[in-house]
Amino acid sequence: MIEINKVTIGINANLFSIDKVKLEKGKLYALIGKNGSGKSTFLKTLGELIQPFKGEIQWRMNSRKEQRIAFVTSKFDGIEYLTTYDYIALGRAPYTNIFGKLKSEDHDFIKNICNKLNINSLLDKFTTEISDGERQIASIAKAICQDTELIILDEPIAFLDYENKIKITQILAEIAKQRNCCIIHSSHDIDISLMMVNEILIIDSVNKKLTQHPIENINKDKVLNIAFPNDQFLNI
Amino acid sequence: MRKQYSLLISLLIIVLVLLTFLHLNGGFNSWILMNLTEFNTNSTESIILKEIHLPRTIMVLIAGSALSIAGLLMQTYFNNPLAGPSILGISSGSNLFVAITLMSSGIFSSNLSIISAAILGAIFFSFIILGFSLKVKSTTSLLIVGVMLSAFTSSIVQLIQADSTLDALRSFTIWNFGSVQQVQLDQIPMILFFFFIGFFSLIFLIKPLNLLVIGENQAEFLGLQPRKIRWILILITSIFTGLVTAFCGPISFVGLAVPNLVKLIFKTTNHKTLIIGTLIVGSLFLLICDLITYSLEDLISIPLNSITSLFGAPIIIWIIIRRKWND
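Residues numbered from 1 in each chain as written. Chains lettered and ligands numbered in written order. Predicted model: local features only at pLDDT ≥ 70, side-chain atom pairs only at ≥ 80, totals over all residues.

Engineer: I'm lost on the overall build of chain A in this one. Help?
Structural biologist: Helices and strands together make up the secondary structure of chain A, namely seven helices and eight strands. Its C-alpha atoms give chain A a radius of gyration of 18 Å, within 12% of the compact-globule value 18 Å for 236 residues. For chain A, the spread of C-alpha atoms along the three principal axes comes to 55 × 40 × 30 Å. In chain A, which comprises 236 residues, the proportion classed as buried is 39%. The contacts of chain A with a sequence gap of at least 6 include a subset with a gap of at least 24, amounting to 71%. (Helix = DSSP H or I, 4+ residues; strand = E, 2+ residues; numbered from the N terminus. Rg over C-alpha atoms; globule rule 2.2 N^0.38 Å. Buried ≥ 20, exposed ≤ 12 C-beta atoms within 10 Å, placed from the backbone. Contact = placed C-beta atoms within 7 Å.)

Engineer: I tried to follow the packing of helix H12 (residues 254–266) of chain B against helix H14 (residues 304–322) of chain B on my own but got confused; where do I start?
Structural biologist: When two helices pack together, you describe them by how their axes are tilted relative to each other and by the distance separating the axes. Residues and elements named next belong to chain B. One can describe the packing of H12 onto H14 by two numbers: an axis separation of 9 Å at closest approach and a directional angle of 50°. The pairing of H12 with H14 is recorded here as oblique in orientation. Crossing of H12 against H14: the hand is left-handed. For the pair H12 and H14, the contacting residues are Val254, Leu256, Ala257, Asn260 and Leu261 in the first and Thr308, Gly312, Ile315, Ile316 and Ile319 in the second. Among the residues making up the contact of H12 with H14, the classes are represented as seven nonpolar, three polar and no charged. (Axes fitted to C-alpha atoms, helices over the stretch in contact; angles between N-to-C directions. Parallel < 35°, antiparallel > 145°, perpendicular 65-115°, else oblique. Left-handed = near helix turned anticlockwise from the far one by under 90°. Nonpolar A, V, L, I, M, F, W, Y, C, P; charged D, E, K, R; others polar.)

Engineer: Help me understand the interface of chain A and chain B, please; the structure alone is not making it clear to me.
Structural biologist: Much of the literature gives interface size as the accessible area that the parts lose upon coming together. Contact residues are listed per partner, giving 15 residues for chain A and 15 residues for chain B. Broken down by class, the residue content of the side of chain A that touches chain B amounts to eleven nonpolar, one polar and three charged.

Engineer: Just checking my understanding: could you explain the pairing of strand S3 (residues 28–32) of chain A for this structure?
Structural biologist: All names here are of chain A. With five of five residues buried, S3 lies mostly within the body of the structure. The alternating pattern of S3 places Leu28, Ala30 and Ile32 on one face and Tyr29 and Leu31 on the opposite face, and all of these are buried. The sheet contact formed by S3 and strand S6 (residues 182–186) spans four bridges and is parallel. When the bridges of S6 are listed, Tyr29 appears paired with Ile184. (Pairing = 2+ DSSP bridges.)

Engineer: Looking at this structure, how should I read the sheet that holds strand S4 (residues 69–72) of chain A?
Structural biologist: Strand pairing within a sheet occurs via backbone hydrogen bonds; the two strands may be parallel or antiparallel. Residue and element names in this part refer to chain A. Pairing within the open sheet is mixed, and its eight strands lie in the order S1-S2-S8-S7-S3-S6-S5-S4. Edge positions in the open sheet fall to strand S1 (2–9) and S4, since each of these has one partner strand only. Neighbour-to-neighbour, the strand axes of this sheet turn through a mean angle of 20°, independent of strand direction. Running over the sheet, helix H5 (residues 162–178) touches S3 and S6 and is turned about 155° from S6.

Engineer: For this particular structure, what's the right way to read the packing of helix H5 (residues 111–135) of chain B against helix H6 (residues 139–162) of chain B?
Structural biologist: Residues and elements named next belong to chain B. Axis separation between H5 and H6 bottoms out at 10 Å; the angle between their running directions is 145°. Crossing angle aside, the handedness with which H5 passes H6 is right-handed. Residues Phe125, Ile128, Ile129, Phe132 and Ser133 of H5 lie in contact with H6, whose contacting residues are Leu142, Val145, Gly146 and Leu149. By residue class, the composition of the contact of H5 with H6 is seven nonpolar, two polar and no charged.

Engineer: Got a minute to help me understand the pairing of S1(A) in this structure?
Structural biologist: Every other side chain in a regular strand lies on the same face of the sheet, so the side chains alternate between the two faces. Residue and element names in this part refer to chain A. Note: S1 against strand S2 (residues 16–23), seven bridges, orientation antiparallel. The residue of S2 that forms the bridge with Glu3 is Lys22. The hairpin formed by S1 and S2 contains six residues between the paired strands, and Gly10 there has a positive phi angle of roughly 155°.

Engineer: Mind showing me how you'd approach the domain arrangement of chain A here?
Structural biologist: Residue and element names in this part refer to chain A. Under the domain assignment, chain A is made up of domain 1 (1–68 + 148–236) and domain 2 (78–147). With centres defined by C-alpha atoms, the gap from domain 1 to domain 2 works out at 26 Å. Facing 13 residues of domain 1, the contacting portion of domain 2 comprises eleven residues. With four residues, the top contributor of residues to the side of domain 1 that touches domain 2 is H5. Residue classes in the side of domain 1 that touches domain 2 are distributed as seven nonpolar, three polar and three charged. (Domains from an automatic or database assignment.)

Dropping the structure here:
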């Protein structure tokens, strides 16, 4: 779906370069790298918020950006008096008219997604009343409602407990397969990623390279060696 | 849910209509409406009603709505429940520009030149605040910038005052009192014209405002065009703020307090409900404030501005206390 050939990522300086990365529909990708290695910058570039430092990402589509890309941030704190349903329903905004009126198809679409994610009991509650994990699932539901081919999540499980980390990564993997969309998320939870994603993208901040590895060809040691090449403590 | 809203809104409208008649009557102490047996244009009662009470009532209704809507738009845009036209210094921009206009042409300034100056001043100061908001991320710091802007502006106004003619000074002082009394009947069409321009543009702002609730960055991913919306919002808040400031002088706290009250009453972030609620409660709030000045009129003459502050300031402090403050 998206092919990235010979592109350099960075805002004012070269963070890392990509020789060849290919993102396909129906797969869940994990982006792994040190703090400050440029994970967020890469995701923002992919989300067309910023331009690549050099080169161009090939993704020729005619439709509007809001119907192609959904973006989920690492934390949503909830908003006073905003119900979970209304929050999720905002995901339909790219398809509503100028007044933002939801049609019955939109409501059906939203209810269908909420059924799948098993969050019907949250819908009438305010987003400030539910837990961090529930809020994160609501954010993912909103992104799915946007019905895009690409969903980008910036450290979606960083602030969650172990159970929720696994649950949400599992949901992402299922959604990618069921809805045949491409989901990419950055993460520091290498073990969870190794269990559930289809492919891992690793940023090597010493050699300034981003490499792509199908899950079959990689294990934890390899990931650590690429992501943290100079760190001796790993060999203890 | 929806049925509750319409019930609440109808109830508020009934109260608004009743108080509007009471206000038209001139408060509790007057019997104008009772004595008006026939609609004879020459009777004293109908002249008082038409020339004095009617413009004042219309102005109060419009000023309350306009200031409150300006506050609501700012609170949503800046994602800050304490934003408002007066605290962010937008009103002081209008104030400065009107001062310059009045001082330079004195009593000869036309209505249109005053209202244009007020709106231009509001637009100009909105851009200043917007510029600061890009640098200052903390919501409370932005408010301090607004307060400083007002302080800075008021000293400039004083400097202009020091160097102006007696006539100009007099017309400015009367205007600066912040009252709805001096509005004339022939000014009403222009006031209504500007109000309805802003009012009709609101219909097209419901969707963008609902998106802005989750923040500009997230809204952009859902199709919001931030630059376009920023321009429209500045224009509309400036029209609303400028309109009121031009004809009533500075009236503070209404734009800040009313949207917070409305959110508390309706408990929603849907701007369709919030806008309708703010229009009604805004009028209601200022109507009650002005009814108080009416009933105290025989004893003392107090500017409307001090009544709104008397109610508005405690409401704001209460809102600050009950919020979980996270910055």
